[in-house]
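Here's the letter readout for the chains.
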Amino acid sequence: MWAILSLLVENKPGILFKVTHLFRSRNFNIDSISVGVTENPDYSKMTITTLGDKRQIDQIVKQLDKMIDTVKVEHLDEHKTVYRELSLFKIRLSNANDSMEINKLANAYGAKVHDVKKDSIMIELTAAPAQIKAFKELVRPFGILDIARTGVAALQRSKA
Amino acid sequence: MQNMTGAKALMTAMEKEGVKQVFGLPGGANLPMYDEFARCNIRHILARHEQSAAHMADGFGRVSRKPGVCFATSGPGATNILTGIATAQADSAPMVAVTGQVPVGMIGKDAFQESDIIGMANPVVKYAFQPRTAKEIPEVVKKGFFIAETGRPGPVLIDIPKDVQTNEAEMIFQDEFKIQGYHPWADPDIVNVEKAIDMLLYAKKPIILAGGGTIISSAFAELQAVAETLMLPVVTTFKGKGAFPETHPLSLGPIGMHGHAEANKMMTEADCVLAIGTRFSDRSVGTFEAFEKRLKIIHMDVDPAEIGKNQTAQIAVIGDVRVNLRVMVKLLLQKAIKKTDESPWVRHVKETKAYWKENLKLHPGEMGAAKVLRKLRELLPAESIVTTEVGQHQMWASLFYDVIQPGTFFSSTGLGTMGWGFPAAIGAKVAKPDVPVVDIAGDGSFSMTENSLATAVLEDIPVIVFILNNSSLGMVAQWQRTFYNRRMIGVDQKGCPDYVKLAESYGAQGIRAQSIAELDSAIKTALGNNVATVIDIPIDPEEDVLPFVAPGTSLEDMILPS
């Protein structure tokens, strides 16, 4: 299963190293990771997406929770969570029509177009990873020159 | 508030923590700390290698249940203590290791004797600190000791740059502090303890598996009360050896790769296990799948991450095992549950135990491991502390040296660090100077830290080293005999060195014992000595440790002596 973990950690040097090291030493996988300071500068929030069966995910959460620098570790329910990732695509333009076609796709996905050049176009898509994957498949025939992704950021929806 | 250097603050803070001695070695980057020994009441015990200093602190910590402290300098000093730190981590032993570091401004410049010890030690410490200013030191020490000794204990590293040691600051020594992400204590779990009692009462073949956590939390009386009230046979892991008196009628001894035959047999026949403070390590349970289907597991542990890590439990009781066993004892009393009748299961267990006592084939020679270790047991007072090295002698000790008084047997069980036993024995003797302390050793392991004889002699710490000397790396040799068609590679120590002469060269007493009569007199001499004594006991290099559960197989597939 795919899981979104949200970690509130102390904003100190070396914590990112310890968290990623834990994944490596315990033989877990990091699918994506994003880190940023919270509204309180004493803390950072890490959002990690990972893959594993239920028992593995439980273990990851427990091992992260055991770390002294983690203040709070949550396994987010993806149905009750807003999660987005920012991706930048550089796509090849070979024919006169390519630019228009790609623009159409971008519109359909709510993506923004940046930096249109003679031979390439850059698209910014902020979406759930599954949508980014779908978009990638659609533009693949044009020729993807480069991709940069931020990893998922996630927040749980409020109850009321 | 007082103005003082970081080094002075370190020693002052440690004195406040009740530290009476430090095991260590000085070097360029920790000289300011060392200079403070001239002005404080903490004794310095000089080791001859930083790894040994860490093992001494480890042995002290396990016996006293207070963090043992070791010092090392930066660079190689720090990397040398890593094995000692990893050993303490694998066995959840409380320790505070303090290393010197190059000055803050030099960090990252590949300075002389610089090593990124924080980065290297991270996976093998419970926590690591690197104060960058002197004024942080009092709080770092306070937090370090607290983290090392609470919850599931473990090693804490404090890496102090040299200028942080020499800089002066206004020092505030406070008792109050907060560690937000650390919750070592859980409330007693009455609900799950009640469920556990029901499950144990319902089971036809219940058994207790006591792990190292039982010893760490000193839950000896509680364990015995539960076992006796519910008439539960007790097996232990190797680390849990001696959590329960091995002379008790309900005791079956350790399970595992070299577990007691009766313990392995009964563990595989049981239908419900009360597992206390254990992580179900591969060396203890082999491949568990073979019998876990019919086995209900109640898992008590202080570390929530152990629940479900290696084994799925039907009932989990999270928290200090002593606290929750107390709850169990109290509930049993309230419910007036007291089993007196011997169930068919308990009868079967006792018969099995009696059978193996009679029928386990032992080495026929006069100096077979069983005879040698039983002689040691016969002559050692019950309260004596035993440590072991790692290898065949360790497993023979598990098989043939019965622990009478709980919590008197210690070994490097998780990391399996050869060379641990002797320095750990020195640390143990410092913690309990009034009881005899014996390192049951093999010649291979003892070689690794034998220079700690200098510490034992010069610091007047008279421990006994009991070498079962087969002049080889015996456990490796056994595997080569068993799995590699007797191709013996790299295992022959060729009788080098002569341990009697070695001991004498350090000023210790060396005695060679070649018969049981000589051994009897050697042990008596050693017990009466006020200097460290090495007893060198030549044994048959071909003797195997049996029973043997081959790696990757089940406890049901024990190899027995033929």
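Just so it is clear, the structure is predicted and the values come from calculations on it, not from any experiment.

Reading the values: rules and limits
- Residues numbered from 1 in each chain as written.
- Chains lettered and ligands numbered in written order.
- Predicted model: local features only at pLDDT ≥ 70, side-chain atom pairs only at ≥ 80, totals over all residues.
- Helix = DSSP H or I, 4+ residues; strand = E, 2+ residues; numbered from the N terminus.
- Pairing = 2+ DSSP bridges.
- Axes fitted to C-alpha atoms, helices over the stretch in contact; angles between N-to-C directions.
- Contact = placed C-beta atoms within 7 Å.
- Buried ≥ 20, exposed ≤ 12 C-beta atoms within 10 Å, placed from the backbone.
- Expected span 1.5 Å × (residues − 1).
- Domains from an automatic or database assignment.
- Core = buried A, V, L, I, M, F, W, Y, C linked by C-beta atoms within 7 Å.
- Nonpolar A, V, L, I, M, F, W, Y, C, P; charged D, E, K, R; others polar.
- Parallel < 35°, antiparallel > 145°, perpendicular 65-115°, else oblique.
- Left-handed = near helix turned anticlockwise from the far one by under 90°.
- Arc of directions from axis to C-beta.

Q: Can you lay out unusual backbone geometry for me, pointing to particular residues and giving the numbers?
A: Between Cys 496 of chain B and Pro 497 of chain B the backbone carries a cis peptide bond, its omega angle lying at 0°. Along the polypeptide, Pro 497 of chain B turns up in the loop between helix H21 (474-483) and helix H22 (499-505).

Q: If you had to explain the sheet that holds strand S1 (residues 2-10) of chain A to someone new, which residues and values would you point to?
A: All names here are of chain A. Here we have four strands laid out as an open sheet, ordered S2-S3-S1-S4, and antiparallel in their pairing. Across the chains shown, the open sheet's two edge strands, defined by having one partner strand only, are strand S2 (32-37) and strand S4 (70-76). If you compare each strand with its neighbour and ignore which way they point, the axes differ by 15° on average. Bridge count for S1 against S4 is six bridges, and the pairing is antiparallel. Paired with Ile 4 across the strands is Leu 76, a residue of S4. The strands that helix H2 (residues 54-66) touches are S1, strand S3 (43-51) and S4; relative to S4, the one it contacts most, it runs at about 165°.

Q: Mind laying out the environment of Pro 433 of chain B, listing which residues take part and the relevant values?
A: Residues and elements named next belong to chain B. Here Pro 433 lies in the loop between helix H18 (421-431) and strand S17 (437-442). The exposed category is assigned to Pro 433, around which 11 C-beta atoms lie within 10 Å. Along the sequence, Pro 433 and Asn 469 sit 36 residues apart, while their C-alpha atoms lie 27 Å from each other.

Q: Outline helix H14 (residues 321-334) of chain B, supporting the account with residue identities and numerical values.
A: Residue and element names in this part refer to chain B. Between the first and last C-alpha of H14 there are 20 Å, a value that for 14 residues agrees with the 20 Å anticipated at 1.5 Å per step. Residues of H14 that are buried in the fold lie against helix H8 (190-202), helix H9 (212-216), helix H10 (220-230), strand S12 (272-276), strand S13 (296-301) and strand S14 (315-318). Ala 336 occupies a position one or two residues after H14 and carries a positive phi of about 55°.

Q: Describe the domain arrangement of chain A, listing the residues and the values that go with them.
A: All names here are of chain A. In terms of domain boundaries, chain A breaks down into domain 1 (2-76) and domain 2 (82-156). A straight line from the C-alpha centre of domain 1 to that of domain 2 covers 28 Å. Taken residue by residue, the interface counts eight residues in domain 1 and eight residues in domain 2. Within the residue set of the side of domain 1 that touches domain 2, elements represented by two or more residues are S1, S2 and S3. Ranked by residue count, the leading element in the side of domain 1 that touches domain 2 is S2, at three residues.

Q: Give me the nonpolar core: which residues, what numbers.
A: The biggest cluster of nonpolar side chains holds 167 residues, and the ones touching the most others in it are Cys 70 and Ile 535 of chain B. Residues Leu 5, Met 46, Leu 64 and Ala 153 of chain A belong to the second largest nonpolar core, which totals 15 residues.

Q: Talk me through the domain arrangement of chain B; I want residue IDs and the actual numbers.
A: All names here are of chain B. Partitioning chain B into structural domains gives domain 1 (2-171), domain 2 (190-358) and domain 3 (362-552). The C-alpha centroid of domain 3 is placed 30 Å from the C-alpha centroid of domain 1. Every contact between the two is made by 23 residues of domain 1 and, on the other side, 24 residues of domain 3. Those elements that place two or more of their residues in the side of domain 1 that touches domain 3 are strand S2 (21-24), strand S3 (43-46), helix H3 (50-64) and helix H4 (76-90). Tallied by class, residues from the side of domain 1 that touches domain 3 come to 10 nonpolar, nine polar and four charged.

Q: Describe the packing of H8 of chain B against H14 of chain B, naming the residues involved and giving the relevant values.
A: Each pair of packed helices gets described by two things: the angle between the helix axes and the distance between those axes. All names here are of chain B. Remark: H8 packs on H14, axes separated minimally by 10 Å, with the N-to-C direction vectors making an angle of 60°. Of the possible angle classes, the one that applies to H8 and H14 is oblique. Where H8 crosses over H14, the two elements pack in a sense that is right-handed. Of H14, the residues touching H8 (which contributes Ile 190, Val 193, Glu 194 and Ile 197) are Asn 324, Val 327, Met 328, Leu 331 and Leu 332. Class assignment of the residues belonging to the contact of H8 with H14 gives a composition of seven nonpolar, one polar and one charged.

Q: Would you mind going over the interface of chain B and chain A in detail, with residue names and values included?
A: Taken together, the contacts link 13 residues of chain B with 15 residues of chain A. The residue makeup of the side of chain B that touches chain A, split by class, is seven nonpolar, four polar and two charged.

Q: Describe the packing of helix H1 (residues 6-16) of chain B against helix H6 (residues 137-149) of chain B, with residues and values.
A: Residues and elements named next belong to chain B. For the pair H1 and H6, the least separation of the axes is 9 Å and the interaxial angle reads 35°. Crossing angle aside, the handedness with which H1 passes H6 is right-handed. Across the interface between the two elements, Gly 6, Ala 9, Leu 10, Ala 13 and Met 14 of H1 pack against Ile 137, Pro 138, Val 141 and Lys 142 of H6. A class-by-class count of the residues in the contact of H1 with H6 yields seven nonpolar, one polar and one charged.

Q: Please give an account of helix H23 (residues 516-528) of chain B that cites residues and values.
A: All names here are of chain B. In this model H23 runs 18 Å from its N-terminal to its C-terminal C-alpha over 13 residues, within 8% of the 18 Å that 1.5 Å per residue would give. Those residues of H23 that sit buried are Leu 519, Ala 522, Ile 523 and Ala 526. The buried side chains of H23 occupy one side of the element, clustering within an arc of 100° when seen end-on. Exposed and oriented more than 90 degrees from the buried face of H23 are Ala 517, Lys 524 and Gly 528. On its buried side, H23 packs onto helix H16 (369-379), strand S18 (464-469), strand S19 (509-512) and strand S20 (533-538).

Q: Which residues make up the sheet that holds strand S6 (residues 127-129) of chain B, and what are the values?
A: Residue and element names in this part refer to chain B. Reading across the sheet, the six strands line up as S3-S2-S4-S5-S7-S6 and stay open at both edges, with parallel pairing between neighbours. The sheet is open, and its two borders are formed by S3 and S6, each paired with just one other strand. Averaged over all adjacent pairs, the angle separating strand axes in this sheet is 25°, with direction ignored. Of the strand pairs in this sheet, strand S4 (residues 68-72) and strand S5 (residues 95-101) are connected by five bridges, and their pairing is parallel. Paired with Ala 72 across the strands is Thr 99, a residue of S5.

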